[in-house]
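So the chains spell out like this:
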Amino acid sequence: MTVMFHCPDCGAIPHGILRGYCFGDRLLEGVDFIVTREGDTFKVICEDDCYLHGLDRPYWLQMAVDHATQTREALCPKCREYMDLDEVTHERM
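Residues numbered from 1 in each chain as written. Predicted model: local features only at pLDDT ≥ 70, side-chain atom pairs only at ≥ 80, totals over all residues. Heavy atoms only, no water.

Moving on, we come to the pairing of strand E5 (residues 41-46). Of the two faces of E5, the one lined by Phe42, Val44 and Cys46 is fully buried and the one lined by Thr41, Lys43 and Ile45 carries no buried residue. Across six bridges, strand E4 (residues 32-38) lies against E5 in antiparallel orientation. Directly across from Arg37, in E5, lies its bridge partner Phe42. Taking the residues between adjacent antiparallel strands as the criterion, E4 and E5 are bridged by two residues, where Gly39 takes a positive phi near 65°. (Buried < 20%, exposed > 50% of the residue type's maximum accessible area, 1.4 Å probe, protein only. Helix = DSSP H or I, 4+ residues; strand = E, 2+ residues; numbered from the N terminus. Pairing = 2+ DSSP bridges.)

It is worth spelling out the pattern of salt bridges at this point. Where charged atoms of side chains with opposite charge meet at close range, the side chains can pair. Within this structure, the stated rule accounts for five salt bridges. Here Arg37 ties to Asp86 by a salt bridge, and the two come within 3.6 Å at their closest N and O atoms. Note that Arg37 is positioned in strand E4 and Asp86 in the loop between strand E7 (82-84) and strand E8 (88-91), a separation of 49 residues in sequence. Taking the relative accessible area as the measure of exposure, Arg37 reaches 12% and is therefore buried. A salt bridge links Arg57 to Asp49; the nearest nitrogen and oxygen atoms lie 3.0 Å apart. Looking at Arg57, the relative accessible area reads 36%, which means it is partly exposed. When its relative accessible area of 35% is taken as the criterion, Asp49 is described as partly exposed. (Salt bridge = Lys/Arg side-chain N within 4 Å of Asp/Glu carboxyl O.)

So, on to the nonpolar core. Ranked by internal contacts, the top residues of the largest apolar core, which has 22 residues, are Leu18, Phe23, Leu28, Phe33, Val35, Val44 and Leu52. Among the secondary structure elements, those contributing two or more residues to this core are strand E1 (2-7), E4, E5 and helix H2 (57-71). Take this core: its biggest share by element is five residues, from H2. (Core = buried A, V, L, I, M, F, W, Y, C linked by side-chain atoms within 4.5 Å.)

And the structure:
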């Protein structure tokens, strides 16, 4: 069973977008992270992973997970409005 986020405008969404600037200030300005959810755990990958080359990649990915866990919100990849990461739907694949 896959956990899908629920956007009020777009419906079921497989992932959200975290803006790097929110937790990495100017260092990650313009860098987006993709957040998914497996059970109660958030998983994050960098949309432009080559940007993290030369940086402490595990540290920044953990910072993104911590940010998602604390704020419980991310941007919808379709409409770019904020959605609540606790509002989920379960879809069978």
